[in-house]
Amino acid sequence: VQLQASGGGLVQAGGSLRLSCAASGRTFSSSAMGWFRQGPGKEREFVAGISGNGGSTNYADSVKGRFTISRDNAKNTVYLQLNSLKPEDTAVYYCAASGRFRSFGWSGRENYDYWGQGTQVTVSS
């Protein structure tokens, strides 16, 4: 499975971005997908997850109500809409696919088997 993340950039606090992650090499709808992020000097952390059919989503408390994960299985793409951005959201954002789970986007990194290269999101104050 290959994952290609895009859509990052520089935005002012309060602004919005939409990240995309295009997948290839596997039946996309059979994989739960997740977004993680890694800020400067921090561990990689869970942001959001989505089930294979898109019917179930899961969010970190820090982004609930501001970020929205979605997917388009016809396009083999998962999205992360980032609204009301804060400087503390600055990080490299990674998408990930599970080779084992379909029904829920779990928060643990160990549940994901394939990772994209990351896209930088920088939020200025």
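Above this text you will find the structure in question.
To keep things clear, this report deals only with the structure shown in the data block.

Rules used throughout
Residues numbered from 1 in each chain as written. Predicted model: local features only at pLDDT ≥ 70, side-chain atom pairs only at ≥ 80, totals over all residues. Heavy atoms only, no water. Disulfide = S-S within 2.5 Å. Helix = DSSP H or I, 4+ residues; strand = E, 2+ residues; numbered from the N terminus. Buried < 20%, exposed > 50% of the residue type's maximum accessible area, 1.4 Å probe, protein only. Pairing = 2+ DSSP bridges. Axes fitted to C-alpha atoms, helices over the stretch in contact; angles between N-to-C directions. 1 Å grid on protein atoms, 1.4 Å probe; cavity = no way out; pocket = protein on both sides within 12 Å on 5 of 7 lines; lining within 4 Å. Points joined across faces, edges and corners; volume = space filled by probe spheres on them. Nonpolar A, V, L, I, M, F, W, Y, C, P; charged D, E, K, R; others polar.

**Brief notes about the state of the cysteines**
Turning to step 1, where the next piece is worked out: Summed over all chains, the structure comprises one disulfide.
Turning to step 2, where the next piece is worked out: Two residues share a disulfide in this structure: Cys21 and Cys95, whose sulfurs sit 2.1 Å from each other. The sign of the 60° torsion about the S-S bond sets the Cys21-Cys95 disulfide as right-handed. Placement of the pair is Cys21 in strand S3 (residues 17–24) and Cys95 in strand S9 (residues 91–97), with a sequence separation of 74 residues. Neither Cys21 nor Cys95 differs from the other in exposure class; each is buried.

**Re the sheet that holds strand S8 (residues 77–82)**
Two pairing modes exist for strands in a sheet, parallel and antiparallel, and in both the strands are linked by backbone hydrogen bonds.
Turning to step 1, where the next piece is worked out: An order of S1-S3-S8-S7 is seen for the four strands of this open sheet, with the pairing classed as antiparallel. Every interior strand has two partners, whereas the edge strands, strand S1 (2–6) and strand S7 (67–72), have only one. Between one strand axis and the next, the sheet turns by 15° as a mean value, whatever way the strands run.
Turning to step 2, where the next piece is worked out: Where S3 meets S8, six bridges bridge the pair, whose relative direction is antiparallel. Across the sheet, residue Leu19 finds its bridge partner in S8, namely Leu80.

**Here we look at empty space enclosed by the protein**
Turning to step 1, where the next piece is worked out: For the coordinates displayed, the defined rule picks out one cavity of 30 Å³ or more.
Turning to step 2, where the next piece is worked out: Size it by volume and the largest cavity reaches roughly 40 Å³.
Turning to step 3, where the next piece is worked out: Along its surface, the largest cavity is lined by Val1, Ala23, Arg26, Thr27, Phe28, Ser31, Met33 and Ala97.
Turning to step 4, where the next piece is worked out: Tallied by class, the residues present in the lining of the largest cavity amount to five nonpolar, two polar and one charged.

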